[in-house]
Structures are given as C-alpha cells and as structure tokens.
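So the chains spell out like this:
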Amino acid sequence: MSTQNPATDPLDKGHVDPVNPAAAHDAIPAVDPRLLVREEGLAGYVGEFKRKMKAGDLGSLPVVIGLIVIWSIFQGLNSNFLSPENLTNIAITMTGTGMIAIGIIFVLLLGEIDLSVGSVSGVSGAIVAVLAVTHGVNEWLAILAAILGGALIGSIHGFFFAKVGAPAFAVTLSGLLFWLGAMLQILGSNGTINIDSDGVVGQLTTYFFSDVAVAYGLAALAVAGYFLAAFLDARRREAAGMPSRPLTEILLRTGLLALCAFGPAVLFNQYKGLPLAVVLFLLALVVTDFLLRRTTFGRNVFALGGSVEASRRAGINVTRIRITVFAISSTFAAVGGLFWASKIAAANQSAGAGDLLMNVIAAAVIGGTSLFGGRGRTWNALLGVMVIVSIQYGLALEGIATPIQYMITGAVLLATVVIDSVTRKTQKTAGRA
C-alpha cells in the first residue's frame, strides 16, 4: 500500500490540500489544447502551425508546395502544360496508378510492402480480356471475376505473411514473379488481346460527362456535403462537451474545398467534360478514407502500424487485419489494372511491368504516407500520383528522354523519403512520435 501523502501526491490532481484550501484555486485545470487554439482565434492557429513546423509535423505541405513548383516550372517551359486538354489527360492517366496506390497505402500503414501489385494488375486485365473477348463472357461478370481474383490473390499473400510468418517482402516478391508468369500464361502465345473501346472497360478512361451541369453539380454536392457533415459533427461535439470547430473555421475549410472542387470542374468543362475515370477515383478515395478514419477496422490498421505487440495486447486480431489489408491491396491492384487496360485498349504482356510498381510506391510515399508505418491517408495517393504524372507529362512535352524521367522521379522519391526520415527524428525529439 502506498504511503504517499495524498496532499502532496503529484498524481492526485483533483485533491484539495486540507492544510491550504486556497491552493486549490491556484491549480491549473487540464484543458484540451485544441480548445485553447480555437479560443485564441487566428493567432491560436498561427501559433499551432508554428509549433507543428518546429515539431516536424509537416503534413501534406511539402508535396503541395512541390506540386506548385513543378507546375510553375513546366508552365514556364511550355504554355500548353496547364491547358485544359493536358491537365485532363494528366487526370485520366493518373487514375490507374492512383487506384493501385490506394491499396498499397493500406499495406504501408502496417509498415510492410507489397511488391506484387504490378503483376496483379496485369493478371486482372488479362482475365477480363480472355473472358470477355476470347470466350464471350458478359463483361460485367468478367470484371467481377478479375476483382474477386485480385482479392483472392491478396488473401493468399496475407495468409503466408500473417499465418505462416514469412516476410511480406519475400512473399510479395514471389507473387510478383508468379503472377507475372500467370498473366503470360493466360494471354497465351498471341500475347495481346484488344479490348472493345465501347465496352465497359474500354469506357473507363474514354467516357466523359459532356453536360457541364454534371461537373458543377458534383462539385456543389461535395462542398454542401462536407459543410453539412462538419457542421453537424461540431454541434454534436459541442453538446457532448468535446472540442469542436467554430463556424468560422468550418466556413473557411468549406471555401477552400469549394476552390478545389469548382476549379477542376471549370477546367474539365473547357475540354470534353468530366471524365468518368476521375469520378471513380475520387469515389474510391472518399470510401477508403472513411474506412480508415471512421471505422474500427481503420483504427486497428493504424494501431497495428504503430506497434504489433501493443495491438495484440489490446485484443486486436492481428492475423485477420493483416490478411484483410493485403486482400485490399490486391483488390485495388486489380481495379487499377482495369483502368490501365482501358487506357491502352488492350491486355498485353507488358501490362503491370516497367516502372508501374515503382510509381505506385513513389505515389504513396511522395503523397505523405510513411514507409515506417502508422502514418498516412488514402488521399496521399492523389497528391503523390499528381506529382509523378505531372513530371512525366511535363518532361514529355519538352521531349526529354525516358532515362532522364526515371532519374528525376527517383530523385523526387529520395527527397521525400529523406524528409520522412528527418520528420520522424524531429518528432521523436519533440516527444510527438
């Protein structure tokens, strides 16, 4: 039994000293720091921003600044870079890589890696092409078979990693080779199967909502939905006595979102309209962001990325979460493979090969997902893939050779990893890791 005098016990914050009752009035009550920031208004947010910078909590700021710099440079070199046509082509091209990056972010949040996503995307395109074109199966059924096949492949990888205990690097490296061979076997000796450009897969990257009301309507719906959700959440927190955003902050955030939503809508409508591929990509981002931030499964993923042993002691089913995460990764790899098959209107032996895997990992990391696990959002896929595809298109407009493109992309990835490492060290020093 403790003999600590309760009157002097530093852990007994709510105790009143019987000898000196007035001391209770000098005690500083515990206050949520977020409340202090919001009560101080603009000065509070400026101070909070400075504190985060000193602590190395940079968030998405580096990649946003980098994207602005990249666009400014390429626009200065070629006035066509920021044209509606070129930016629309960038938006469509990035959906295939972006879809795969969404899935691999789940794996990176665990602090693991999935090297098989490129090959899995190739298998997905091959399955759809063979079933729908060669054997005449209904295209929707072929698409469903390809996506379910991706989920099954990921579950197999997750089983060997989570249940057998094999390293994820070795398992997915084996998967890279195995599913590459499977893709070649499925395609057969011909090696290339053309896809109907008017079919479901063919229209994934070629269909545009030409009516200008669609783009503006979706932008308005997104802005209104965000404001309503934020407002109701703030009122609910306020009623429960929890920290909540003031109305002025909600309005400011809504205004920024409106700028980000209506700006692209205006741009798309100046060319052919809103691309279907962009709508599907953004929908995937919204759904997966909700899954990670608003569900028990998402919280378990972040917890597992922070500490496996602590998660196990907390009662989290580590094996189930790991298998599910790898299934999600391969499922999105399969979906991304359909977008790439649509982009080239074919399934061929080069699908999923080349620099696709590196671009996917680079997109996730450049966007802000940590390679060390426990930090990241699926929206990082959007920012990262925008950087990569913008560099590719900008260099292509200048006629710069592919080797130089690889070198520049590699340098950007290295810089991002260095920033991530320095940020983690800074956060540890500041006691925030």
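Quick caveat, the model's predicted, so the values are computed rather than measured.

About the criteria used
Residues numbered from 1 in each chain as written. Predicted model: local features only at pLDDT ≥ 70, side-chain atom pairs only at ≥ 80, totals over all residues. Heavy atoms only, no water. Helix = DSSP H or I, 4+ residues; strand = E, 2+ residues; numbered from the N terminus. Contact = heavy atoms within 4.5 Å. Areas by Shrake-Rupley, 256 points an atom, 1.4 Å probe, with all protein chains shown as cover. Salt bridge = Lys/Arg side-chain N within 4 Å of Asp/Glu carboxyl O. Phe/Tyr/Trp six-rings, centres within 6.5 Å; stacked < 30°, edge-to-face > 60°. Buried < 20%, exposed > 50% of the residue type's maximum accessible area, 1.4 Å probe, protein only. Lys NZ or Arg CZ within 6 Å of the ring centre and 35° of its normal. Patch = residues over 30% accessible without salt bridge, like charges linked within 9 Å, V, L, I, M, F, W, Y side chains within 5 Å. Axes fitted to C-alpha atoms, helices over the stretch in contact; angles between N-to-C directions. Parallel < 35°, antiparallel > 145°, perpendicular 65-115°, else oblique. Nonpolar A, V, L, I, M, F, W, Y, C, P; charged D, E, K, R; others polar. Core = buried A, V, L, I, M, F, W, Y, C linked by side-chain atoms within 4.5 Å. pLDDT = per-residue confidence, 0-100. Expected span 1.5 Å × (residues − 1).

Colleague: Residues and numbers for the overall build of the protein chain, please.
Modeller: Helix and strand content of the protein chain: 17 helices and four strands. Looking at the protein chain alone, contacts between residues at least 24 apart form 78% of all its contacts between residues at least 6 apart. Put simply, the protein chain shows about 22,100 Å² of open surface, and 66% of that area lies on carbon and sulfur atoms.

Colleague: Go over the pattern of salt bridges, please, and point to the residues and values.
Modeller: If you walk through the whole model with that rule in mind, you get nine salt bridges. Between Arg236 and Asp233 there is a salt bridge, and its shortest N-O distance comes to 3.4 Å. Highlighted residues: Arg236 and Asp233, both in helix 9 (residues 212–239), separated by three residues, approximately one helical turn. Here Arg235 ties to Glu238 by a salt bridge, and the two come within 2.8 Å at their closest N and O atoms. Pair noted here: Arg235 and Glu238 are both in helix 9, with a separation of three residues, about one helical turn.

Colleague: Summarise the packing of aromatic side chains; cite the residues concerned and give the values.
Modeller: Tallied over the full model, the rule gives seven aromatic pairs. Ring plane angle 80 degrees and centroid distance 5.7 Å describe the contact between Phe159 and Phe160, whose orientation is recorded as edge-to-face. Under the relative-accessibility criterion, Phe159 is labelled partly exposed at 39%. Given the relative accessible area of 40%, Phe160 is considered partly exposed. Here the aromatic rings of Phe208 and Tyr271 are separated by 6.4 Å at their centres, their planes lie at 85 degrees, and the arrangement is edge-to-face. Taken together, the residues span a long stretch of sequence, with Phe208 in strand 2 (residues 208–209) and Tyr271 in the loop between helix 10 (247–269) and strand 3 (274–275) at a distance of 63 residues. What makes Phe208 buried here is its relative accessible area of 16%. Just above the ring of Phe231 sits the side chain of Arg235; from NZ or CZ to the centre is 4.9 Å.

Colleague: Which residues make up a nonpolar patch on the surface, and what are the values?
Modeller: On the surface, a cluster of nonpolar side chains totalling about 430 Å² of accessible area is made up of Leu61, Ile65, Val69, Ile73 and Leu77. Turning to its location among the elements, Leu77 is positioned in helix 4 (residues 61–77). The exposure class assigned to Leu77 is exposed, which follows from its relative accessible area of 53%.

Colleague: Quick one: what's the story with the side chain of Asn300, residue by residue and with numbers?
Modeller: Within the secondary structure, Asn300 sits in helix 12 (residues 296–306). Apart from residues no more than four positions distant in its own chain, Asn300 is found in contact with Ile316 and Ile321.

Colleague: Explain unusual backbone geometry to me, using residue names and the numbers behind them.
Modeller: The phi dihedral of Ala345 falls on the positive side, at around 55 degrees, and the residue is not glycine. Assignment of secondary structure puts Ala345 in the loop between helix 14 (318–344) and strand 4 (346–348).

Colleague: How would you explain the packing of helix 11 (residues 276–294) against helix 14 if you had to name every residue and give the values?
Modeller: Pairs of packed helices are described in terms of their axes, by the angle between the two and the distance that separates them. Look at helix 11 against helix 14: their axes get within 12 Å of each other, and the N-to-C directions meet at 170 degrees. If you check the angle between helix 11 and helix 14, you find them roughly antiparallel. On the side of helix 11, the interface is formed by Ala277, Leu280, Ala284, Thr288 and Leu291, while helix 14 contributes Ile328, Phe332 and Phe339. Here the residues of the contact of helix 11 with helix 14 sort into seven nonpolar, one polar and no charged.

Colleague: Can you explain the packing of helix 11 against helix 16 (residues 379–397)? Please cite residues and give values.
Modeller: The interhelical angle for the contact between helix 11 and helix 16, taken along N-to-C directions, is 140 degrees, at an axis separation of 8 Å. Accordingly, the angle class assigned to the pair helix 11 and helix 16 is oblique. Between helix 11 and helix 16, the residues in contact are Phe281, Leu282, Leu285, Val286 and Asp289 and Trp379, Ala381 and Leu382, respectively. For the contact of helix 11 with helix 16, a count of residues per class yields seven nonpolar, no polar and one charged.

Colleague: I'd like a description of the nonpolar core, backed by residues and values.
Modeller: If you look at the biggest cluster of nonpolar residues, it comprises 93 residues, and the most contacted ones within it are Met99, Ile102, Val301 and Val325. With 14 residues, the top contributor of residues to this core is helix 5 (residues 84–109). The residues contacting Val301, other than those within four sequence positions of it, are Phe106, Leu109, Leu110, Leu292, Ile321 and Val325.

Colleague: Outline the environment of Gln349, supporting the account with residue identities and numerical values.
Modeller: Structurally, Gln349 can be placed in the loop between strand 4 and helix 15 (356–367). Look past the residues within four positions of Gln349 in its chain and what remains in contact with it is Met183, Leu184, Leu187, Gly188 and Gly191.

Colleague: Could you give an account of the side chain of Thr97, with specific residues and numbers?
Modeller: Relative to the assigned elements, Thr97 resides in helix 5. Sequence-distant contacts of Thr97, defined by excluding residues within four places in its chain, comprise Trp340, Leu356, Asn359, Val360 and Val385.

Colleague: I'd love a proper account of the confidence of the model for the protein chain, names of residues and values included.
Modeller: Low-pLDDT stretches of the model should not have their predicted coordinates read in fine detail. In the predicted model, the protein chain carries a mean pLDDT of 85, and the fraction of residues at 70 or more is 84%. Within the model, pLDDT remains below 50 along residues 21–32, and this stretch shows four contacts once partners closer than five positions in the same chain are excluded.

Colleague: So what's going on with helix 16? Residues and values would help.
Modeller: Along its 19 residues, helix 16 runs 27 Å from first to last C-alpha, staying within 8% of the 27 Å computed at 1.5 Å per residue. The buried fraction of helix 16 is high, at 14 of 19 residues. Downstream of helix 16 by one or two residues, Gly399 has phi in the positive range, about 70 degrees.

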